[in-house]
Each structure stands twice: as C-alpha cells, then as structure tokens.
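Chain by chain, the residues run as shown.
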Amino acid sequence: MADQDLEEILRRMSQTKVNRRGFMAGGAMAGIAAFLAACSAGKASDAPASVAAGTPAASGSAAPSAVASVEPAFSQEPTEGHLWMYNWSDYVDAGNIEEYKKRYAVDDFTYDTYASNEELLTKLQAGAGGQWDVGAPTAEFTPALVQGGFIQKIDWSKVPNAKFIDKQFKGLWWDPNDEYQLPKDWGTTGIAVRTKYVKDDVSSWKKFFEVAPSYHGKIVIVDSPGDVFVAPLKALGYSLNSVDPTELGKARELLMGLAPHVLALDSDQYQKKLQTGEAVLGLTWTGGLDELIQDPKTADTKYIIPSDGTLYWLDTWVIFANPPHPIAAHAFLNFIEEPAIQAQETVTNAYATPNDEAKKLIPQNILDDPTIFVPQAIFDSGVLESAKDVSTDKLRVDIWAEFKSKIGKA
C-alpha cells in the first residue's frame with residue numbers, strides 16, 4: 001500500500017465520527033484483519049426500517065421494526081424475572097433492553113457500571129462476586145477472570161445465536177476453547193477533537209502531547225489505564241504493551257507533563273464535556289460521540305486514529321460466577337446476538353459487530369464508515385496494535401496512580 005493511500009484513509013477517518021470501548025491481543029491480529037476484508041460484503045437493503053435509517057435509537061426509545069422481525073431461535077425456558085448487569089456505561093441500546101424485558105418477563109433489569117477493566121477486576125477481587133449476572137469486559141482480561149474464578153463457562157445450548165459470530169473471532173488466545181466469552185463488538189482508542197476550537201494539528205499522539213499546554217483545562221481522558229498508556233508509548237515509538245522500565249520511565253514523563261492540563265478522567269460522560277465545549281480535546285473511544293457529529297451545533301467534532309499507532313480492542317459478554325439469575329443471563333446473551341437486535345446495537349453504539357448476520361442489516365453508510373469498520377489497509381499498515389493484559393505490572397500501576405493524583409494540578 002502506498003503511503004499516500006494510507007494518508008488518505010487516515011484523513012477520511014479524521015473527518016468522520018467518533019460510548020465506550022477496552023482491548024484485544026496477540027494472535028487475533030491476523031484473524032481480525034482477515035475478518036475486515038469481509039466487512040464490505042454486508043448489505044443494508046434488507047434491513048428493518050429503524051436500522052436501515054442509520055439513526056441511533058434515542059435514549060429510552062425502542063426500535064420496534066428491528067426487534068419485531070425476529071423470533072427466538074429456540075424454546076426459551078421462563079426466566080427468573082430479574083437480570084443484573086455490570087457493564088460499561090450506556091453500552092446497550094435502550095430499546096433493546098425494553099424489548100428483552102418485555103419478551104422474557106424481566107421486571108427487574110439492574111444496570112451497574114464500571115469505568116475500566118481494572119475497576120471491574122478490583123471489585124471482583126474484593127469479594128463482589130455473586131452480585132451480577134452478565135458483563136462485558138475486554139477480551140484479554142478473560143484469563144484473569146477465569147483464573148480468579150470470577151466468570152463461569154457459558155452453556156452454549158442456551159445461546160444458539162452464537163452461531164452468527166464470525167469464525168475469525170473464535171478460538172483466540174484468551175479463550176482457546178470458546179468456553180467463557182461471547183464476542184460483543186470491537187473498536188479503537190484515539191483522539192477526539194472539537195475543530196471549532198482546536199486549530200492545531202493533532203493527527204498523532206506526539207502532536208497531541210505537544211499542543212496539550214495550549215488547551216489547559218480543556219482536555220478529557222478516559223479513566224482507563226490500558227488506554228491512556230497507549231498515548232505516550234506510541235508517541236515514543238514503543239509497543240503499547242511495554243513493561244520495559246526505561247520505556248515506561250519516558251512514558252511517565254509525558255504523562256506527568258500532560259496531567260496539569262487535563263480537565264478530568266471520565267469514561268462515562270466525556271462526550272458531554274466535549275458537547276458543551278468544557279473540553280475541546282480528548283483521549284477517547286470510538287463511540288458515543290455520534291450525536292455530536294449529527295448535531296449542527298457540534299458537527300465540528302472529529303475522531304482521529306493517530307498516525308503513530310493506537311490500540312484496537314474487542315469486548316466480550318461473560319456470565320459471572322454464581323450468577324443470581326442464570327436463566328435470564330443465558331437468555332440475554334442469546335437475545336443480544338439476534339441479527340436485528342445486534343444490528344441495532346451497532347447503529348446505537350457505533351462499534352463494529354463480529355456478528356455476520358447482523359452486518360447484513362446494518363446501513364451501508366455505517367459499514368463504510370472507517371472509524372467503525374476499520375479498513376483492511378489500516379490493519380495492513382501496522383498502525384493498530386492489540387493488547388496484552390499488563391494491568392498488574394507494578395511500574396505501570398505506580399505511574400497510573402501518580403498520574404491520577406496530578407490531574408489538573410500545577
């Protein structure tokens with residue numbers, strides 16, 4: 001691929017749109033890259049009206065034509081009437097939640113949130129097990145969750161819609177026998193910018209750090225160490241998974257220089273801060289900012305995949321160990337992978353789905369959006385890197401704690 005072709009793709013990505021996100025790892029790179037080549041095969045011509053329109057469901061509103069077109073794939077036993085979820089914020093379409101509650105007579109749907117995989121793991125390690133049914137951690141945290149006894153094997157006989165998951169997402173290193181997790185969606189970590197206020201070039205992490213002092217108190221960053229370490233390590237030309245003390249020492253210098261200029265660490269409401277102009281620059285994920293792109297008042301919002309490299313990740317559905325409501329948990333996993341339901345998830349959250357049948361119902365403009373379904377050429381270029389679980393590295397933990405303590409302080 002010629003350099004100018006890559007530059008053009010990155011330019012297009014910076015001109016298109018940007019709720020949550022996490023990571024992926026090792027041997028998945030080749031598999032996901034191969035998967036991307038097939039993305040263009042998806043067609044929107046048969047999509048239900050609410051999905052084909054390409055408009056995310058409004059908060060609390062259902063997508064009746066999307067869900068009405070699908071019948072349960074097998075005979076579902078009655079649920080316990082409750083489902084307790086522990087998840088990233090705003091990470092399930094509100095209309096789909098209402099449809100699930102109605103279809104499976106679930107009167108009590110509890111949705112608790114965490115801001116990072118590390119927060120989830122810490123909570124479980126502190127003895128919070130047995131409080132929730134399902135969650136969606138990032139893929140490379142699966143081994144730690146299994147080793148800690150925090151998640152249980154999924155009974156696939158109760159999740160027949162798992163058959164729609166692209167085979168490239170199966171048998172990967174974090175769960176080689178596909179026993180514990182169901183791929184949810186995938187995306188990237190990058191730079192969000194309000195170009196109405198930011199006129200500097202922020203096409204790379206290196207440039208992001210260089211211009212940060214000019215936007216003192218106007219920078220929002222997700223509260224997720226695995227994502228934040230990406231920026232300094234990539235700006236320095238290192239692997240985002242580095243645990244080398246020398247490399248981390250240099251990354252620390254960049255982070256400590258950035259900290260005084262940061263408005264907040266916020267994984268839940270960073271888009272709101274960008275919307276109001278309280279923040280004009282951010283280290284964020286690829287979803288949740290769509291409404292800003294579509295609103296004429298904030299249409300100057302851009303999401304950039306940094307040219308010096310960044311993270312791509314996969315989030316996965318899991319059932320926590322000793323779930324209070326195991327029948328409802330399995331019913332939810334099967335429900336969320338129904339093609340029309342899953343298609344609405346992509347429309348709402350703006351993350352790429354690993355569900356092949358769902359892609360046939362996703363509007364073509366979303367399939368063609370390079371910030372959602374990342375082009376094969378980007379993967380081939382080496383710009384994107386997958387993650388390993390380095391969350392317990394002591395030096396990283398210490399640097400992160402120091403960084404958080406200095407946010408907004410001169």
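See the structure printed just above.
J.: Mind showing me how you'd approach the side chain of Asp175 here?
T.: If you trace the backbone, Asp175 turns up in the loop between strand E4 (151-152) and strand E5 (182-194). Here Asp175 sits buried without a salt bridge, and the closest side chain of opposite charge, Lys153, lies 8.6 Å off (N-O distance). Of the polar contacts made by the side chain of Asp175, one reaches the side chain of Gln181; its length is 3.2 Å. If sequence neighbours within four positions are ignored, Asp175 has contacts with Thr142, Tyr180 and Gln181.

J.: Sorry, what's going on with empty space enclosed by the protein here?
T.: Empty space among the atoms becomes visible once a probe the size of a water molecule is rolled across them. In this structure, the largest cavity spans a volume of roughly 30 Å³. Around the largest cavity, the lining residues are Lys184, Asp185, Trp317, Ile336, Gln342 and Glu345. Secondary-structure elements contributing two or more residues to the lining of the largest cavity are E5 and helix H15 (339-349). Residues of the lining of the largest cavity, tallied by class, amount to 2 nonpolar, 1 polar and 3 charged.

J.: Got a minute to help me understand the layout of surface pockets in this structure?
T.: Taken as a whole, the second largest pocket encloses approximately 300 Å³ of empty space. Around the second largest pocket, the lining comprises 21 residues; the ones closest to its centre are Glu118, Pro225, Gly226, Ser391 and Trp400. Listed by contribution, the elements that provide at least two residues to the lining of the second largest pocket are helix H9 (225-228) and helix H19 (394-405). Counting residues per element, the lining of the second largest pocket draws most heavily on H19, which supplies 5 residues. For the lining of the second largest pocket, the residue count by class is 10 nonpolar, 4 polar and 7 charged.

J.: Can you help me understand unusual backbone geometry in this one?
T.: For Asp90, which is not a glycine, the phi torsion comes out positive at approximately 50°. With respect to the helices, strands and loops of the structure, Asp90 is situated in the loop between strand E1 (82-87) and helix H5 (94-103). For Asp90, a relative accessible area of 42% corresponds to the partly exposed category. Even without being glycine, Ala350 reaches a positive phi, approximately 60°. Along the chain, the position of Ala350 falls in the loop between H15 and helix H16 (356-359).

Rules of the game
Residues numbered from 1 in each chain as written. Predicted model: local features only at pLDDT ≥ 70, side-chain atom pairs only at ≥ 80, totals over all residues. Heavy atoms only, no water. Helix = DSSP H or I, 4+ residues; strand = E, 2+ residues; numbered from the N terminus. Buried < 20%, exposed > 50% of the residue type's maximum accessible area, 1.4 Å probe, protein only. Lys, Arg positive; Asp, Glu negative; His and termini not counted. Salt bridge = Lys/Arg side-chain N within 4 Å of Asp/Glu carboxyl O. Polar contact = N/O pair within 3.5 Å; in protein donor to acceptor, adjacent residues only side chain to side chain. Contact = heavy atoms within 4.5 Å. 1 Å grid on protein atoms, 1.4 Å probe; cavity = no way out; pocket = protein on both sides within 12 Å on 5 of 7 lines; lining within 4 Å. Points joined across faces, edges and corners; volume = space filled by probe spheres on them. Nonpolar A, V, L, I, M, F, W, Y, C, P; charged D, E, K, R; others polar.

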